[in-house]
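Read off the chains here:
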Amino acid sequence: MKVLSSVLKQHGHETDCFISGLERNFLSAVEDWKPDVIGIYATTGQETWSFPYIERWRKKLPHLKTLMGGPHPSFDIEILREAEYIDATIKAEGEYAMLDVINAWEANRPIEDIPNVAVLKDGVPVQNPIRPAIQDLDSLPFPDVDIFYKYGFLAHKRVMQVHASRGCQNSCTYCSVGLMKKEWVSGGKNERFNRVKSVDYLCEEMNDITARYPHFRMVNFGDAALNMKHGWLEEFAEKWPKQVGLPFACNVNINYLTEEDIENMSRAGCASVQFGLESGSEDVRTKVYGKGYTDEIVYSIPRLLRKHKITYRTNNIMGSPAETLDDMFQTVEANRILKPEGCTVLLYRPFRSTQLGREDFEEGRVDIGKDIGPSIQHDSQMRREDLREVVNLQKLFNLAVYLPYGIPLVRKLVKLPRNPVYDWSLLAFLWYQHAVVSGYGMFDDFKLGVLNLGQIFGRKSGGTHLYGEQTNAFLDTLDTGGEAAFTGDGGLGEASAEEPAPRKKPTLVERRHIQSKRKSKPKVGAPGGKDVA
């Protein structure tokens, strides 16, 4: 949103940003500014949060136009059927699509043919083709941080969030990135989904911010991985300490991380990294999740991080259809061996914008009508007999990792009914690890937690895959295709009586068990006798 604002301001428009949790009266604050257009960022489960506000704003501002962008409308344009709330949606990168829409509305021109935009045509949502992704991130103006830092709470935090890149090297089956790589680009020659700012541009951007907001003491890079581009970290290690000099935390992709990269990050001032373990089972990581890294990588990288005095945290998933409860306790055991300074543990949530999520819906694994709220910390929509144990394990995961005899204790506790004590246990560990271990500041994080208690524990509504009377709307969008999982119709098309239907290809979950039986013998010289694929 910071870059959207800077592009619009660069072209003569006025912009501002309003954060509901930081305004005394969010409704009046927006009304008093008298906007012509309101932009809403939406993720699945939170896509309708703004509708009651829009209804009120339009009574006071009858000329008001509304745009929705972000992950949800980028994969599901059925939201346009809520025409009294949303005039248009933008798919993928929005900087110049939004500028084109604003310019068109200002000049009373139609927006129906603007690339990246979706609108209702004769009552049907229609998505326009995608324009080429912005290849040179240095061509963009610096992000407009002023729209956020007008709030004293944000301007005086210890840590600022910055992005050095767009994209991700991986195409994990539980994540939307795999389909983004197909649907968020135009398909032009040499068009890249993964792009990185130059080190010089990044340092100039940082100095532009710190010159006006000098209170920050640390940087958090919000990128999928700071080691996105080979060789970039070497230049970064030379220039960042001299030109910026702030310590930082970041995500890394351990499948592409070398000791040279770690040395460069240490020289640059890296204090902490986070990486996705997701599962303690190599089979699940490589054959179902598509992460690509073996146990050898998982256990060798942390040794190198410790060698260069960089702390690390892991990301973990509980409750995917690929795993049994014993598999999830294997993830606990892996973390006990790795000894990270913190574990982020999220419940698996099936999204139609992911390969595995599409398969979940097709195979009937999802309780579609169950409302779990918008948070992926709160509950699970998966149909499984051990659901209570899975959700309880997510809450008690850190107890199992860090307490002596934690695993046998938690194996007993997960069988008890769900209760608020387990929820608070999860929150306490999240707060300690984020605020203390990663250096974000205890008081800052405590205030942030108080402001967002509803999100932390999940609201009572907002987390189904149903849309009013159209109970199958989410299933009938462009997300229903199986192209990301398998080409063709998967053997489910029509067949003549003489010619039997082709055999259905195995699902991702089935593939794990099939391939496990076919495991080849360990390669000669493989570390620890493990099969290194």
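Predicted model, so just to flag it, every value in this text is computed and none were measured.

Reading the values: rules and limits
- Residues numbered from 1 in each chain as written.
- Predicted model: local features only at pLDDT ≥ 70, side-chain atom pairs only at ≥ 80, totals over all residues.
- Heavy atoms only, no water.
- Helix = DSSP H or I, 4+ residues; strand = E, 2+ residues; numbered from the N terminus.
- Buried < 20%, exposed > 50% of the residue type's maximum accessible area, 1.4 Å probe, protein only.
- Areas by Shrake-Rupley, 256 points an atom, 1.4 Å probe, with all protein chains shown as cover.
- Disulfide = S-S within 2.5 Å.
- Pairing = 2+ DSSP bridges.
- Axes fitted to C-alpha atoms, helices over the stretch in contact; angles between N-to-C directions.
- Contact = heavy atoms within 4.5 Å.
- Left-handed = near helix turned anticlockwise from the far one by under 90°.
- 1 Å grid on protein atoms, 1.4 Å probe; cavity = no way out; pocket = protein on both sides within 12 Å on 5 of 7 lines; lining within 4 Å.
- Points joined across faces, edges and corners; volume = space filled by probe spheres on them.
- Nonpolar A, V, L, I, M, F, W, Y, C, P; charged D, E, K, R; others polar.
- Polar contact = N/O pair within 3.5 Å; in protein donor to acceptor, adjacent residues only side chain to side chain.
- Core = buried A, V, L, I, M, F, W, Y, C linked by side-chain atoms within 4.5 Å.

J.: Account for the overall build of the chain, naming residues and giving values.
T.: Tallying secondary structure elements over the chain gives 21 helices and 13 strands in all. Counting over 533 residues, the chain shows a buried share of 51%. Total accessible area on the chain stands at roughly 24900 Å², and carbon and sulfur atoms take up 54% of it.

J.: Let's hear about the state of the cysteines: which residues, and what values?
T.: Taken as a whole and judged by the stated rule, the model has zero disulfides. With no disulfide partner, C172 has as its closest neighbouring cysteine sulfur the one in C175, 6.3 Å distant.

J.: Describe the sheet that holds strand β2 (residues 65-69), listing the residues and the values that go with them.
T.: Picture the strands of a sheet paired through backbone hydrogen bonds; they go either parallel or antiparallel. With mixed pairing, the five strands of this open sheet are ordered in space as β1-β2-β3-β4-β5. Because the sheet does not close on itself, it has two edges, and the strands there are β1 (37-41) and β5 (124-127). Taken pair by pair, the neighbouring strands of this sheet meet at an average axis angle of 25 degrees, ignoring direction. Its contacts with the sheet put helix α3 (residues 51-60) on β1 and β2, and the angle it makes with β2 is roughly 160 degrees.

J.: Could you give an account of the packing of helix α2 (residues 26-33) against α3, with specific residues and numbers?
T.: One way to put it is that α2 packs onto α3 with a least axis distance of 10 Å and a crossing angle of 35 degrees. α2 and α3 meet at a crossing whose hand is right-handed. When α2 is examined against α3, the residues F26, L27, V30 and E31 are found in contact with a partner set consisting of Y53, R56, W57 and K60.

J.: Got a sec to walk through empty space enclosed by the protein? Specific residues and values, please.
T.: Over the atoms rolls a probe the size of a water molecule, and its path tells where empty space is left. Scanning the model with the defined rule gives two cavities of 30 Å³ or more in all. The calculated volume of the second largest cavity comes to roughly 50 Å³. Around the second largest cavity, the lining residues are A164, S165, V196, D223, A225, L226, M228, K229 and W232. By residue class, the composition of the lining of the second largest cavity is six nonpolar, one polar and two charged.

J.: Describe helix α15 (residues 355-362), naming the residues involved and giving the relevant values.
T.: Along α15, seven of the eight residues are buried, which leaves the element largely enclosed by surrounding structure. Here α15 has its buried residues at Q355, L356, G357, R358, E359, D360 and F361. After α15 finishes, the residue G364 shows a positive phi value of roughly 75 degrees.

J.: Any details on the environment of S5? Residues and values, ideally.
T.: With respect to the element layout, S5 can be found in helix α1 (residues 2-10). For S5, a relative accessible area of 5% gives the class buried. For the pair formed by S5 and C17, sequence separation is 12 residues and the distance between their alpha carbons is 8.7 Å. Ignoring sequence-local partners within four residues, the contact set of S5 consists of T15, D144 and I147. Among the polar contacts made by the side chain of S5, one reaches the side chain of D144 at a distance of 2.6 Å.

J.: Break down the sheet that holds strand β13 (residues 342-347) for me, citing the residues and quoting the values.
T.: The sheet built from six strands is open, its strands ordered β6-β9-β10-β11-β12-β13 with parallel pairing. Across the chains shown, the open sheet's two edge strands, defined by having one partner strand only, are β6 (159-162) and β13. Strand-to-strand, the axes of this sheet are offset by a mean angle of 20 degrees, without reference to chain direction. As paired elements, β6 and strand β9 (residues 218-221) share four bridges and run parallel to each other. Across the sheet, M160 pairs through a bridge with V219, a residue of β9.

J.: So, the environment of I134: which residues are in play, and what are the values?
T.: Note that I134 resides in the loop between β5 and α6 (146-149). For the pair formed by I134 and R195, sequence separation is 61 residues and the distance between their alpha carbons is 8.6 Å.

J.: Which residues make up the nonpolar core, and what values do they have?
T.: Residues Y149, F221, F236, W240 and F248 are the most contacted members of the largest nonpolar core, which totals 49 residues. In contact with W240, other than residues within four places in its own chain, are L202, C203, M206, V219, F221, G245, L246, F248 and A268. Core analysis: the second largest hydrophobic core is formed by 21 residues, A88, A97, I102 and V117 among them.

J.: Lay out unusual backbone geometry with the relevant residues and their values.
T.: Even without a glycine there, the phi angle at A92 is positive, about 70 degrees. Within the secondary structure layout, A92 lies in the loop between β3 (88-90) and α5 (95-106). Positive phi outside glycine occurs at Y405, with the angle close to 60 degrees. In this structure, Y405 sits in the loop between α16 (387-402) and α17 (406-413).

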